[in-house]
Amino acid sequence: MILERLDTPPPELEQRTGWAIKPQGACRGEVCVPLETPFDVRDLSRRLGMALVSDEKHGLSALGPQSDTREMAGAELPDITLPDRHGQDFALRSLLGRKVLVVAWASWCGCRSDLPGWRKLREELHPDGLEVVSVALDTDGSEAAGPWIDRAKSTHPALIDEAHRLDELLGVVNVPSGIWIDEDGVIVRPPEPAFPWRPRKPSDELVAQLPELSVEQLREAQKIRIEPERYVAALRDWVSRGRHSQYALAPDEVLARSRARDEEHSRAAACFELAQHLHRAGHPDDAVPWFREAHRLAPENWTYKRQAWALADPLQGPTKLYDSDWLSNVREIGPENYYPPLEL
């Protein structure tokens, strides 16, 4: 949450976290945590374990998500409303009564070329009760993601998450990621690598026209483990069999797969949100230190890194702004480790 003042409750607090400021303190459900009077965000930060970072130059602060919890607060789908390609708000919970596959992607990821694949899969499975929702994680919003949505001729809800809320609320750390939600709005599979098909190998003629960096990136990308056949087979089974599918997880299993969030990851989220805000506000140079700090605190979060790299260089190559880039990072960890194996 971006804050201009520290002496008033953040307007988005309850919507983003479930915590509401009441006379007895910060309350969520039956739990209330006493707060000092008068209200001070710094006190709220300490008591709830929400990291607070401040940018003195611009008079702004950012409050991160609660630490000492898991990235997903529960298996029930949070209240997530995002704009579509044309700026019209769409609530994911409006799809209650249908199975939903949420696909997180980005314009800075090769998975942008998978959008037609998701459209075709949706056309196949929609009559059986599945809706596909694609969500672009793009700081530059429709300007960046819109052309790819248009090119794919998407027939499903195609939303844009310029604040990367799926990172914070569902624990998305790389794209593409798929999340399965049942008819009751309960998540039955948390974020995991999701591909609708196996990409075609580019022709030699096309490769010959690419910059040298892109050729090297392509070589490494072809070594990355993806499992579209297994993923799509599991998805079809779930659409057909519902809760009886072996691939539909119980709520406790879903939460067990959600990563723990410590204070450093709460701070990383706050730094990343502040960086994005400064970038969109026309201060890209001032955003860089905050992006770098988010990278340092959460090095496993590829959405944090790739988004910042793409803003600096569309090819996500080496720049003077960052100590790392996509190609060197992938080589460092090994392309076979870029995505975790599917736990099906």
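Overview of the structure. (Residues numbered from 1 in each chain as written. Predicted model: local features only at pLDDT ≥ 70, side-chain atom pairs only at ≥ 80, totals over all residues. Heavy atoms only, no water.)

Here's the deal with the sheet that holds strand 10 (residues 99-105)
Test applied: For two strands to be treated as a pair, DSSP must find at least two bridges joining them. Helix and strand definitions here come from DSSP, where helices need a minimum of 4 consecutive H or I residues and strands a minimum of 2 consecutive E residues; each element is numbered from the N-terminal end. Helix axes use the C-alpha atoms of the stretch in contact, all axes being lines fitted to C-alpha atoms, and the angles between their N-to-C directions lie in the range 0 to 180 degrees. Whether two residues are in contact is decided by their heavy atoms: any pair within 4.5 Å suffices.
Reading across the sheet, the five strands line up as 12-11-10-13-14 and stay open at both edges, with mixed pairing between neighbours. With one partner strand each, in any of the chains shown, strand 12 (158-160) and strand 14 (187-193) form the two edges of the open sheet. Strand-to-strand twist of the sheet, defined as the mean angle between neighbouring strand axes without regard to direction, takes the value 20°. On the sheet, helix 4 (residues 141-152) packs against strand 10, strand 11 (130-136) and strand 12 and is oriented at approximately 160° with respect to strand 12.

Regarding the nonpolar core
Applied cut-off: The term nonpolar core refers to a set of buried residues drawn from Ala, Val, Leu, Ile, Met, Phe, Trp, Tyr and Cys, joined through side-chain atoms within 4.5 Å. Relative accessibility thresholds used throughout: buried, under 20% of the residue-type maximum; exposed, over 50%; partly exposed, between the two (1.4 Å probe, protein chains only).
Core analysis: the largest hydrophobic core is formed by 37 residues, its most contacted members being I80, V102, V133, V135, L166 and V175. For this core, the secondary-structure elements that each account for two or more residues are strand 10, strand 11, helix 4, strand 12, helix 5 (165-170) and strand 13 (177-181). No other element matches strand 10, which puts four residues into this core. Apart from the residues lying within four places of it in its own chain, the contact partners of I80 are F90, A91, L92, L166, L169 and L170. Formed by 31 residues, the second largest nonpolar core is a distinct cluster that contains L60, Y304, Y322 and W326.

Overview of the packing of aromatic side chains
Between two aromatic rings, the relevant description is the distance of the centres plus the angle of the planes. So the rule is basically this: For this analysis, a ring pair means two rings from Phe, Tyr or Trp (six-membered ring only for Trp) whose centres lie within 6.5 Å, classed as stacked if their planes differ by under 30 degrees, edge-to-face if by over 60, and tilted for the remaining angles.
Under the counting rule described, the total for this entry stands at ten aromatic pairs. Both rings, one in W118 and one in Y231, keep their centres 6.5 Å apart while their planes meet at 85°; by these two values the pair is edge-to-face. Residue W118 is found in helix 3 (residues 115-125), and its partner Y231 is found in helix 8 (residues 228-241); the two are separated by 113 residues along the sequence. You'll find W118 and Y231 in the same group, each marked buried. With a centroid separation of 5.5 Å and an interplanar angle of 80°, the aromatic rings of F195 and Y339 are classed as edge-to-face. Highlighted residues: F195 in the loop between strand 14 and helix 6 (204-208) and Y339 in the segment after helix 13 (326-333), separated in sequence by 144 residues.

Describing the state of the cysteines
Two cysteines form a disulfide when their sulfur atoms are joined by a covalent bond. Quick note on the threshold: Our working definition of a disulfide is a cysteine sulfur pair at a distance within 2.5 Å.
One pass over the structure, following the stated rule, counts two disulfides. The partner cysteine of C109 in its disulfide is C111, sulfur to sulfur 2.4 Å. Its relative accessible area of 3% is what places C109 among the buried residues. Among the residues examined, C111 registers a relative accessible area of 4% and is labelled buried.

Details of the sheet that holds strand 4 (residues 31-33)
Reading across from one edge, 2-3-4 is the order of the three strands in this open sheet, with antiparallel pairing throughout. Either end of the sheet is taken by a strand with one partner, and the two such strands are strand 2 (20-22) and strand 4. On average, each strand axis in the sheet is inclined to that of its neighbour by 35°, with strand direction left out of account. Here three bridges tie strand 3 (residues 25-28) to strand 4, and the two strands are oriented antiparallel to one another. Residue pairing in the sheet places A26 in a bridge with V33 of strand 4.

With respect to the environment of E300
Mapping E300 onto the fold places it in the loop between helix 11 (284-297) and helix 12 (302-312). When the C-alpha positions of E300 and H277 are compared, they lie 22 Å apart, and in sequence the two are 23 residues distant.

Some details on the environment of W148
Considering the arrangement of structural elements, one finds W148 in helix 4. The sequence separation of W148 and P116 amounts to 32 residues, and the corresponding C-alpha distance is 9.8 Å. Contacts of W148, omitting those with residues within four sequence positions, involve W105, S107, R112 and L115.

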